[in-house]
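Coordinate analysis (summary)
Chain by chain, the residues:
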Amino acid sequence: MKTLTKRIIAVFAVVCVAMSSFAGCGDKKKSSSVSSDDATMQYPLEFGKAEDGNALATAPAEETTSAPVVEDTTEIEDVTDADGQPVTEAAVVTDAEGATVTDDSGAAVTEMVNVTTVVKKSGSDSTTTPAAKYESKQDGRYAMWLDISKDENFFFEGDFLHIVFKVKENIPDGDYKIRISPDLSDVAGTAVYPSKVIDGTVRVTKGTIEDIDVSGETGMVFYGNNVACKQGDTVDCYINIKNNSGLVAFVIWFYFDSNALEFVSAEASGEYQKIARDTEVGAGGKAAATTAE
């Protein structure tokens, strides 16, 4: 049985229900109401980090982070002389079909053009912080929620968590992963395991990036999204679900390189947004607050 099932389902469902005269479990922000006739067990959506000391949200084992993926590139540059001036040469002029253009006397027409050369560049040639000197730093946040008040599973599809990052200036161009680690339970108190988890990617100044394609997936899939941007941009990242088999609780950790990405805020989104809001109302709390810490 996974950590979430043991700690949340056991702590809330067993302890609080057994103590039906107890007014609530947890502090005011994470309040749960219990009556002798009906136990309404709810833990409003909350975002936090390991340093918050929430014993219910246990972080999985950390993975070693590495520098962003920076591929070698090739560029065409002008050849210059010792004084830094472009070197030129005569080149035959051709038409749109590639045929040589001639003058009235039948001689080939030429023009002076800059001499160019193909230059191979590595990540260390970046105009920002050289990738070879860049050090990444893993940071993480969790999203935690539970609602067993209806004694039934919740089904929601598509994006359900919206996370905003600010891309820091002067970081190397490259791909920065948003790693996802879900811990899930259904109404029976059984741990739920996705068939696949696909991390998201923030691509910085490397052109476009294709969306994550889950159209062919038949099992439950948790996946991020891919976004292309440049240094200094604010980007919207999402955690998504496909083929949801039914959930009542989750602790979802998302990890990122905090030397490249600054966490700004997080909130519920998509179909899950109403579910999260109803959980807040049922628990007598306020709407889940975003945080920039």
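Residues numbered from 1 in each chain as written. Predicted model: local features only at pLDDT ≥ 70, side-chain atom pairs only at ≥ 80, totals over all residues. Heavy atoms only, no water.

1. A closer look at the overall build of the protein chain
If you tally the helices and strands in the protein chain, you get two helices and 18 strands. For the protein chain, the computed accessible surface area is about 15,400 Å², with 48% contributed by carbon and sulfur atoms. (Helix = DSSP H or I, 4+ residues; strand = E, 2+ residues; numbered from the N terminus. Areas by Shrake-Rupley, 256 points an atom, 1.4 Å probe, with all protein chains shown as cover.)

2. Re empty space enclosed by the protein
Any empty space left between the atoms is revealed when a probe the size of a water molecule rolls over them. Tallied over the entire structure, the rule returns one cavity of 30 Å³ or more. Computed from the structure, the largest cavity encloses a volume of approximately 40 Å³. Elements represented by at least two residues in the lining of the largest cavity include exactly strand S10 (174-185) and strand S16 (234-242). By residue class, the composition of the lining of the largest cavity is six nonpolar, three polar and no charged. (1 Å grid on protein atoms, 1.4 Å probe; cavity = no way out; pocket = protein on both sides within 12 Å on 5 of 7 lines; lining within 4 Å. Points joined across faces, edges and corners; volume = space filled by probe spheres on them. Nonpolar A, V, L, I, M, F, W, Y, C, P; charged D, E, K, R; others polar.)

3. Remarks on the nonpolar core
Residues Leu45, Phe160, Phe165, Val202, Phe250 and Tyr272 are the most contacted members of the largest nonpolar core, which totals 53 residues. Considering every element that reaches this core, the biggest residue donor is strand S17 (residues 249-257), with eight residues. (Core = buried A, V, L, I, M, F, W, Y, C linked by side-chain atoms within 4.5 Å. Buried < 20%, exposed > 50% of the residue type's maximum accessible area, 1.4 Å probe, protein only.)

4. Thoughts on the pairing of strand S3 (residues 42-48)
Taking burial as the measure, the seven residues of S3 include seven buried ones, the bulk of the element. Note: S3 against strand S8 (residues 138-147), five bridges, orientation antiparallel. Across the sheet, residue Glu46 finds its bridge partner in S8, namely Met144. (Pairing = 2+ DSSP bridges.)

5. Comments concerning the side chain of Asn240
If you trace the backbone, Asn240 turns up in strand S16. A polar contact of 3.3 Å, which involves the side chain of Asn240, links it to the backbone oxygen of Gly224. Of note is the side chain of Asn240, whose polar atom sits 3.5 Å from the backbone oxygen of Tyr238. (Polar contact = N/O pair within 3.5 Å; in protein donor to acceptor, adjacent residues only side chain to side chain.)

6. Some words on the sheet that holds strand S12 (residues 196-198)
Sheet architecture is open: five strands sit in the order S12-S14-S16-S9-S18, paired in mixed fashion. The outermost strands of the open sheet, each flanked by one partner alone, are S12 and strand S18 (261-268). Strand-to-strand, the axes of this sheet are offset by a mean angle of 15°, without reference to chain direction. Inspection of the sheet shows strand S9 (residues 158-167) paired to S18 by seven bridges, in the antiparallel sense. (Axes fitted to C-alpha atoms, helices over the stretch in contact; angles between N-to-C directions.)

7. Examining the packing of aromatic side chains
Enumeration over the complete set of coordinates arrives at 16 aromatic pairs. Their ring planes at 55° and their centres at 5.6 Å tell us that Phe250 and Tyr272 sit as a pair that is tilted. With Phe250 in strand S17 and Tyr272 in helix H2 (residues 272-282), this pair connects stretches of sequence that are 22 residues apart. Here Phe250 and Tyr272 have matching classes, each one buried. Aromatic side chains Phe256 and Phe263 sit 6.5 Å apart centroid to centroid with 25° between the ring planes, which places their arrangement in the stacked category. (Phe/Tyr/Trp six-rings, centres within 6.5 Å; stacked < 30°, edge-to-face > 60°.)

8. Considering the environment of Tyr193
As for its placement among the helices and strands, Tyr193 is situated in the loop between strand S11 (191-192) and S12. Sequence-wise, Tyr193 and Ser245 are 52 residues apart; in three dimensions their C-alpha atoms are separated by 10.0 Å.

9. Regarding the side chain of Asp186
The topology assignment puts Asp186 in the loop between S10 and S11. Residue classification places Asp186 among the buried positions, given a relative accessible area of 16%. Separated by 3.0 Å, the side chain of Asp186 and the backbone nitrogen of Thr190 make a polar contact.

10. Quick look at the pairing of S9
Extensive coverage of S9 is indicated by the burial of seven of its 10 residues. Pairing analysis gives eight bridges linking S9 to S16, with the strands arranged antiparallel. Paired with Lys166 across the strands is Thr234, a residue of S16.

11. Looking at unusual backbone geometry
Most peptide bonds adopt trans geometry, and most residues besides glycine take a negative phi value. Although it is not a glycine, Asn170 sits at a positive phi angle of roughly 60°. Inspection of the secondary structure puts Asn170 in the loop between S9 and S10.

12. Re the pattern of salt bridges
Counted under the stated rule, the structure contains five salt bridges. Residue Glu217 is joined to Lys196 by a salt bridge in which the shortest nitrogen-to-oxygen separation is 2.9 Å. Of the two residues, Glu217 is situated in the loop between strand S13 (200-204) and strand S14 (221-223) and Lys196 in strand S12; the sequence distance between them amounts to 21 residues. (Salt bridge = Lys/Arg side-chain N within 4 Å of Asp/Glu carboxyl O.)

13. With respect to the confidence of the model for the protein chain
In the predicted model, the protein chain carries a mean pLDDT of 79, and 71% of its residues have values of at least 70. When the criterion is pLDDT under 50, residues 13-39 qualifies, and its contacts beyond four places in sequence or with other chains add up to 41 contacts. Note on residues 284-290: pLDDT under 50 across the span, and nine contacts to partners over four residues away in sequence or across chains. (pLDDT = per-residue confidence, 0-100. Contact = heavy atoms within 4.5 Å.)

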